[in-house]
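Examination of the molecular architecture
The chain contents come next:
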Amino acid sequence: MDIDFSLVLVILVSICGFIWLLDSFLFARARKQQGQEQEPVVVEYAKSFFPVLFIVLMLRSFVVEPFQIPSGSMIPTLEVGDFILVNKYHYGLRLPVIGTKIMDNNEPQRGEVMVFIPPHDPRYFIKRVVGLPGDRIEYENKILRVNGEQVDIDIVGETLIETAGGMRDGVLFNEQLGVANHRAQIVADDNRNSRRSSWVVPPGHYFMMGDNRDNSADSREWGPVPESNIVGKAFVIWMHKEPGFNLPTFARNQRIY
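Described below are features of the structure shown in this document. (Residues numbered from 1 in each chain as written. Predicted model: local features only at pLDDT ≥ 70, side-chain atom pairs only at ≥ 80, totals over all residues. Heavy atoms only, no water.)

Quick look at the environment of Ile98 now. Relative to the assigned elements, Ile98 resides in the loop between strand 3 (93-94) and strand 4 (101-103). As a C-alpha pair, Ile98 and Leu7 span 91 residues in sequence and 9.2 Å in three-dimensional space. (Helix = DSSP H or I, 4+ residues; strand = E, 2+ residues; numbered from the N terminus.)

Next up, the structure:
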């Protein structure tokens with residue numbers, strides 16, 4: 001079961017704040033009149049934890065939030081076990097939990113790596129912005145076209161790609177997609193993609209794809225993402241931890257492009 005930490009923080013902040021206010025307005029004066037200086041333990045804890053929890057909530061909601069990469073859909077850009085930071089105000093400020101936007105900022109740009117809530121699942125996903133509102137996206141025979149123009153790529157070399165059927169030979173390439181020149185990979189075979197191959201992005205939506213093109217559940221499968229589901233822009237890898245009993249390392253510290 002996934003835990004909504006924003007909701008947990010909101011609940012804890014509300015409880016601590018309520019206890020503090022309730023004591024201040026109803027019980028503190030009565031204690032003074034009775035000569036009792038010692039506050040109840042629950043009030044002491046509430047007053048101690050409230051400012052800390054409130055600051056953490058504000059930082060996570062409006063400034064930056066950490067995430068861990070759980071799957072390989074963004075390989076080679078992001079690996080399983082990467083810890084990333086997400087800019088929560090880059091696309092505008094939103095209220096925690098309910099996600100209502102209260103201030104506009106930048107619009108998503110093609111090529112940016114974005115965290116969002118997909119239309120079919122309440123969990124956070126991370127993919128690359130491929131299509132903007134009104135764009136026509138085509139992906140056929142492993143060739144990506146945006147508004148009829150093929151996206152430029154530069155073959156880097158061969159690689160091995162983990163798939164549901166085991167390790168497969170793959171091709172690693174650089175791709176110039178909007179504001180980002182980044183690496184992506186495909187399985188090196190001649191099989192045609194049997195899924196739908198052409199989409200028009202509706203107004204207020206964004207078409208998302210993983211850099212691990214043959215091993216990514218994305219907008220090709222569940223459709224474009226509404227603007228209201230945007231969480232923030234991923235901008236840096238700050239730590240990496242291999243699965244199991246392994247210590248985290250900082251060898252992969254780098255900006256995300």
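Before going further, it helps to spend a moment on the packing of aromatic side chains. What the rule picks out here adds up to nine aromatic pairs. Measuring from centroid to centroid gives 5.7 Å for Trp20 and Phe50, while their planes differ by 80 degrees, and the two rings are edge-to-face. Here Trp20 is found in helix 1 (residues 5-33), whereas its partner Phe50 is found in helix 2 (residues 41-62), with 30 residues between them in sequence. Looking at Trp20, the relative accessible area reads 30%, which means it is partly exposed. Overall, Phe50 belongs to the partly exposed group, its relative accessible area being 22%. For the ring pair Phe67 and Tyr124, a centre distance of 5.2 Å and an interplane angle of 65 degrees mean the geometry is edge-to-face. Residue Phe67 is found in strand 1 (residues 64-68), and its partner Tyr124 is found in the loop between strand 5 (113-116) and strand 6 (125-131); the two are separated by 57 residues along the sequence. Assessed through its relative accessible area of 37%, Tyr124 is described here as partly exposed. Pairwise contacts between aromatic rings join Trp20, Phe50 and Phe54 into one cluster. Over the ring of Tyr139 we find Arg220, and its NZ or CZ is 5.0 Å from the ring centre. (Phe/Tyr/Trp six-rings, centres within 6.5 Å; stacked < 30°, edge-to-face > 60°. Buried < 20%, exposed > 50% of the residue type's maximum accessible area, 1.4 Å probe, protein only. Lys NZ or Arg CZ within 6 Å of the ring centre and 35° of its normal.)

To continue, consider the nonpolar core. If you look at the biggest cluster of nonpolar residues, it comprises 15 residues, and the most contacted ones within it are Val130, Ile137, Tyr139, Leu144, Phe207 and Met209. Secondary-structure elements contributing two or more residues to this core are strand 7 (136-140), strand 8 (143-146), strand 11 (166-177), strand 12 (180-187) and strand 14 (205-209). It is strand 11 that provides the largest number of residues to this core, a total of three residues. The residues touching Leu144, leaving out its near neighbours within four places in the chain, are Val130, Ile137, Glu138, Tyr139, Glu149, Gln150, Val151, Glu175, Leu177, Met209 and Arg213. Residues Phe67, Met74, Val231 and Ile256 belong to the second largest nonpolar core, which totals 13 residues. (Core = buried A, V, L, I, M, F, W, Y, C linked by side-chain atoms within 4.5 Å. Contact = heavy atoms within 4.5 Å.)

Read across the open sheet, the four strands follow the order 9-8-7-13; overall the sheet is antiparallel. On the outer flanks of this sheet lie strand 9 (149-150) and strand 13 (198-200), each paired with one strand and no other. Where strand 7 and strand 8 come together, four bridges link them in antiparallel fashion. Within strand 8, the residue paired with Ile137 across the bridge is Val146. (Pairing = 2+ DSSP bridges.)

Turning to helix 1, a few remarks are in order. For helix 1, built from 29 residues, the straight-helix expectation of 42 Å at 1.5 Å per residue is met to within 8% by its first-to-last C-alpha distance of 41 Å. The largest bend along helix 1 measures about 50 degrees and falls at Ser24. If you check which residues of helix 1 are buried, you get Ser6, Leu9, Val13, Cys16, Gly17, Asp23 and Arg31. Those residues of helix 1 that are buried are in contact with helix 2 and strand 1. Backbone geometry just downstream of helix 1 places Gly35 in the positive-phi region, at approximately 75 degrees. (Expected span 1.5 Å × (residues − 1). Bend = angle between axes of the 7 residues up to and from the residue.)

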